[in-house]
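# Structural features, examined
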Amino acid sequence: MSQTKTFLLNRWYVVALTSEVSKSPLARTVTGQKIVLYRDTKDAVVALEDRCAHRQAPLSLGEVIGDNIQCGYHGLTFDPAGSCIRVPSQKRIPPGACVHSYPTIEKQGFVHLWTGNRQPTAEEKPFDFPFAAMEGHNARYAALGGKFDYRLLIDNLMDLTHLGFTHKNTIGTGGVAESGKANTERRGDRVIVTREMENIAPAPTHVEVTGYTGNVDRWQIIEYIPPCFISLQVGNAKHGAGGFNAAPAEKLINRRTLHIATPETESTTHYFWVSTYPSESMTPDQERTIYDHTMKVLDEDIQMIEGQQKRYDPNFEMIDINEDAGQISMRAALDQLIAEEQKTA
């Protein structure tokens, strides 16, 4: 496994939704590493290097047999630890007949995988998003992908002033960029951007869901957690009711979402998403409307960022504006962590 200048390796990454992994092989690439996932007889997730030790054929084109996976090329079989346990054409197992086995943890609807070249310590745990499994809350998931550097997606989420332009027909509206008061702070490795917008028109999707057409006070609390997690707390309340601190009855929209930009390669990204909200806050029809519109929003973002990636020139001198503070702080935090990891590699 090789280090690159754009990835942290000794970290937990989301590699799949829990629902995506079955007793059939699933091929995934994370931080440039080709991996095969499957479930054993106890329903635990197994993650191995997707490369047979014999002739480098993809194990993901093979077959799961009990707890093990059999290569679809010459039938070599590997156990969950990555050791070859059978060569059909001979009794002797050749020395070095093994593939790398990756630690995995299932948590809150996601499969987390450790991509590093050492084992994680007891203190190194997957990111915790308790709202996805909290009693009295509903959660909806999505798994998408984009042909872009994962950091461009994080840039996108650290600056939500683009809502009024990229998503003007759904969750954007006039005033999101013009009326926002933003604050950016760094807490250790994390970066938090807080934006408040007072007395602005509600977004089209929010009107469709709530039926409320009066002006609102809106908030966006964005937190970046390395290596690639972006937690959002977003919502709005009737204007003058107290904004984020308004009474529950005065809040029209109140959601927590987690966006995960797992790097597949240096120019492609797995995009995982979960949205949670109090069960009593929306009807099933409202929930469906929000979800459907959000999928459109995510597609719009993917299209825009893929356009960025196609035009990206590292020698181009980009300008910065005030709202870039969150992006700049995020990049600085991530670059520092990567540099520190490379020093000890």
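Here, the structure is the one placed above.
One structure accompanies this document, and this report is about it.

Calculation notes
Residues numbered from 1 in each chain as written. Predicted model: local features only at pLDDT ≥ 70, side-chain atom pairs only at ≥ 80, totals over all residues. Heavy atoms only, no water. Helix = DSSP H or I, 4+ residues; strand = E, 2+ residues; numbered from the N terminus. Buried < 20%, exposed > 50% of the residue type's maximum accessible area, 1.4 Å probe, protein only. Contact = heavy atoms within 4.5 Å. 1 Å grid on protein atoms, 1.4 Å probe; cavity = no way out; pocket = protein on both sides within 12 Å on 5 of 7 lines; lining within 4 Å. Points joined across faces, edges and corners; volume = space filled by probe spheres on them. Pairing = 2+ DSSP bridges.

### Side note on the side chain of Asp-149
- Relative to the helices and strands, Asp-149 resides in the loop between strand 11 (137-146) and helix 1 (150-158).
- Given the relative accessible area of 11%, Asp-149 is considered buried.
- Residues within four places of Asp-149 in sequence aside, it is in contact with Glu-266, Ser-267, Thr-269 and Gln-309.

### Some words on the layout of surface pockets
- Quantified by volume, the largest pocket comes out at close to 1100 Å³.
- Surrounding the largest pocket, 29 residues form its lining, Leu-152, Asp-155, Gln-308, Met-318 and Gln-327 being those nearest its centre.
- With five residues, helix 4 (residues 284-311) is the single largest residue contributor to the lining of the largest pocket.
- Taken as a whole, the second largest pocket holds about 280 Å³ of empty space.
- Pro-248, Lys-251, Leu-252, Asn-254 and Ser-281 are, among the 14 residues lining the second largest pocket, the residues nearest its centre.

### Focus on the pairing of strand 16 (residues 251-263)
- Within strand 16, ten of the 13 residues are buried, which leaves the element mostly enclosed by the surrounding structure.
- The pairing of strand 15 (residues 229-238) with strand 16 spans nine bridges and is classified as antiparallel. In the strand pairing of strand 16, Ile-230 is matched with His-259.
- The sheet contact formed by strand 16 and strand 17 (residues 269-278) spans eight bridges and is antiparallel. Across the sheet, the residue bridging to Ile-260 is Phe-272, located in strand 17.
- The turn joining strand 16 and strand 17, which pair antiparallel and follow one another in sequence, is formed by five residues.

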